[in-house]
Amino acid sequence: MNAQSLATTMSSVLQASQKLISALLCHCDSLFPDCKLTKYIPPLSCGSPSLPETKEGITEELRKQESLLGQLHSEMHAGICSKNREEQLWEVQRIITQLKRRLRGLERAAESTQRSIEEPDCGREEELNLSLQHQSQPQPQSPTQLVVEAVVEKPNLAACSADSLEIQAAEKSWLAKKEELALTFETEELTNLAKTLQVLVENEKAEVALLKSQIRALGGNPVYSGFTSDNAADNNASEGMISAFKETAILQNHKQALISSLLEERLACVDLRVQIKLAQAAKG
């Protein structure tokens, strides 16, 4: 379909003349030079094959994931809470952690490469300064002295390049070791976090059992305590009870949102502890 037929079709829908629509279609680059249409790419999910490798791609994906995380938090605070949404929240948080770790690794690799490039340059500048100083003070030299200087200077350059290669190899090995240490420390911290949460769960279960025993002692039914069935709501519940149940449901949703936020902060603390241990290992 060409521009003329498209203008004819859309003129009645948009309530505009065919000439106007044709002008917009044919001269869009001149009318809107600063506008650029970019295809929307949704954030990565747990089923995505791999994470981006470049710094720009990681930064863009991190921005999308953080926006999605903020949207999920706002929805959960508004009371829209479900099991699938909680799982999605965990997956987004996990992807953000992986992206931040990969971004830090790329930044450290870039810094180490920059340092390895600057060190030989500094050595060359010192050699040039020394050669200029020698040239400013000309002295008669014999052919044997010239030969000796030439022979001595070449091994210095070779030693400098060999040192830079050794530094690069050492930095690469340290980066690999650092990634391994990071995974080890993260596993330890997550294991400790799981143990702590398990203890809290056991304490909550014990408290629930104690409350149920107290309800039984008072002659109540602990199975329906704090809950209501459809028949009870239809037959016996008053308007005050119905509003109380609604408020309870809203508070339960807020509680789930707070729990998710708390777990997110715990994961952030785990990441910080891992970074502290890595810094201590680097100093050691």
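All values derive from a computational prediction rather than experimental measurement. (Residues numbered from 1 in each chain as written. Predicted model: local features only at pLDDT ≥ 70, side-chain atom pairs only at ≥ 80, totals over all residues. Heavy atoms only, no water.)

Caption draft 1: Representation of the overall build of the protein chain in the model. From N to C terminus, the protein chain includes eight helices and zero strands. What you see in the protein chain, going N to C, is helices and strands ordered as α-α-α-α-α-α-α-α. Looking at the protein chain as a whole, 17% of its 284 residues are labelled buried. Sequence-distant contacts, at least 24 apart, represent 66% of the contacts inside the protein chain between residues at least 6 apart. Accessible area of the protein chain: about 21,200 Å², with a carbon and sulfur share of 59%. (Helix = DSSP H or I, 4+ residues; strand = E, 2+ residues; numbered from the N terminus. Buried < 20%, exposed > 50% of the residue type's maximum accessible area, 1.4 Å probe, protein only. Contact = heavy atoms within 4.5 Å. Areas by Shrake-Rupley, 256 points an atom, 1.4 Å probe, with all protein chains shown as cover.)

Caption draft 2: Structural context of the UniProt feature "coiled-coil region" (unreviewed entry) in the protein chain. Residues annotated by UniProt as "coiled-coil region" (unreviewed entry) correspond here to residues 187-214. Overall, residues 187-214 shows 100% helix and 0% strand. The separation of its end C-alpha atoms is 41 Å. (UniProt positions renumbered as here; feature names shortened; annotations may be inferred.)

Caption draft 3: Structural view of the packing of helix 1 (residues 3-14) against helix 2 (residues 18-26). Running from N to C, helix 1 and helix 2 cross one another at 125°; their axes reach a closest spacing of 8 Å. Taken as axis vectors, helix 1 and helix 2 run oblique relative to one another. Two packed elements cross with a definite hand, and for helix 1 against helix 2 that hand is right-handed. Seen from helix 1, the contacting residues are Ala 3, Gln 4, Leu 6, Ala 7, Thr 8, Met 10, Ser 11 and Leu 14; seen from helix 2, they are Gln 18, Ile 21, Ser 22, Leu 25 and Cys 26. (Axes fitted to C-alpha atoms, helices over the stretch in contact; angles between N-to-C directions. Parallel < 35°, antiparallel > 145°, perpendicular 65-115°, else oblique. Left-handed = near helix turned anticlockwise from the far one by under 90°.)

Caption draft 4: View of the side chain of Glu 189. On the secondary structure map, Glu 189 appears in helix 6 (residues 143-217). Apart from the residues within four sequence positions on either side, Glu 189 is in contact with Val 270, Arg 273, Val 274 and Lys 277.

Caption draft 5: Representation of the pattern of salt bridges within the structure. Following the criterion strictly, the structure yields eight salt bridges and no others. For Glu 53, the salt bridge goes to Arg 102, with nearest N and O atoms at 3.4 Å. Taken together, the residues Glu 53 in the loop between helix 3 (28-31) and helix 4 (55-77) and Arg 102 in helix 5 (residues 83-136) connect sequence positions 49 residues apart. Across the pair Glu 91 and Arg 94 runs a salt bridge whose closest N-O atoms are separated by 2.8 Å. (Salt bridge = Lys/Arg side-chain N within 4 Å of Asp/Glu carboxyl O.)

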